Amino acid sequence: MDSEKIVWQGKFITAKTQGRWEYVSRARGIRAAVILAVDEADHVLLVEQYRIPLGKPCIELPAGLIGDHGEDEDPLEAAGRELEEETGFRAGRLESLGEFWSSPGMVSESFTLVRAQGLTKVGPGGGTDGEDITVHRVALADLPKAVADWRSRGYAIDVKLLLLLGGGMLGRN
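Counting starts from 1 at the beginning of each chain's written sequence and moves along it residue by residue. It should be noted that, the model being predicted, local features are given only for residues of pLDDT at least 70 and side-chain atom pairs only at 80 or more, the latter also being counted only at that level, while totals for whole chains, interfaces and linings use all residues. Excluded from the side-chain calculations are hydrogens and water; all other atoms, namely the structure's heavy atoms, are used.

What about unusual backbone geometry?
The test is simple: Numbering of helices and strands starts at the N terminus; helices are DSSP runs of H or I of at least 4 residues and strands are runs of E of at least 2. Throughout, exposure labels follow a simple rule: accessible area from a 1.4 Å probe, protein chains only, divided by the maximum for the residue type, with under 20% read as buried, over 50% as exposed, and the rest as partly exposed.
Unlike most non-glycine residues, aspartate 42 shows phi in positive territory, near 60°. With respect to the secondary-structure elements, aspartate 42 resides in the loop between β4 (31-37) and β5 (43-51). Judged by relative accessible area, aspartate 42 falls into the partly exposed class, the value being 47%. Despite not being glycine, aspartate 129 has its phi angle at roughly 50°, a positive value. Position of aspartate 129 among the secondary structure elements: in the loop between β9 (110-121) and β10 (134-139).

This is how it looks when you write it as structure tokens:
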């Protein structure tokens, strides 16, 4: 097997090759936490933010980096912080649902999926440092229609929303 070579490294991303394979990873061992936050009334919290690589707004589950300032941060602690920063909601309970990879043919980054329960509104949300995040609280029953509406308006839909759309995507009721 060929050895891995770093082609370029920035503050957050590293471009690598191994043989003929090209891929990217997070720099400095940074990982991500993705938060599945569904309240007692069966509404899911989603965030909307403009994503420069896509050139358009994207609808996503709340998420953020674990240890992006160099500290050894616990994934649940990071998830709680990011949920509050992005959505303005605090979770009474956070539970890790495991580690997942979203695009393993191109990116080595994994994320920890965290379920947030016992949600309480404690602030405005919207993110930090100019993230300009819009929060959407959507009834799970209305999610397919909401996603179709966002798509019709040219929004990108993050693959992790398949977690909530999965059964309906199979065409089975």
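Some thoughts on the side chain of threonine 14
Using the following cut-off: Residues count as neighbours in contact if any of their non-hydrogen atoms are within 4.5 Å of one another.
Its place among the elements puts threonine 14 in strand β2 (residues 13-18). Excluding its chain neighbours within four sequence positions, the residues that come into contact with threonine 14 are Ile6, Trp8, Gln9, Tyr23, Val24, Ser25 and Ala27.

Focus: helix α2 (residues 143-152)
Selection rule: Each C-beta atom gives one direction from the helix axis, and the arc is the one those directions make.
Taken together, the buried positions of α2 are Leu143, Ala146, Val147 and Trp150. Burial along α2 is one-sided: seen end-on, the buried residues are contained in an arc of 100°. Away from its buried face, by an angle of more than 90 degrees, α2 presents the exposed residues Lys145 and Ser152.

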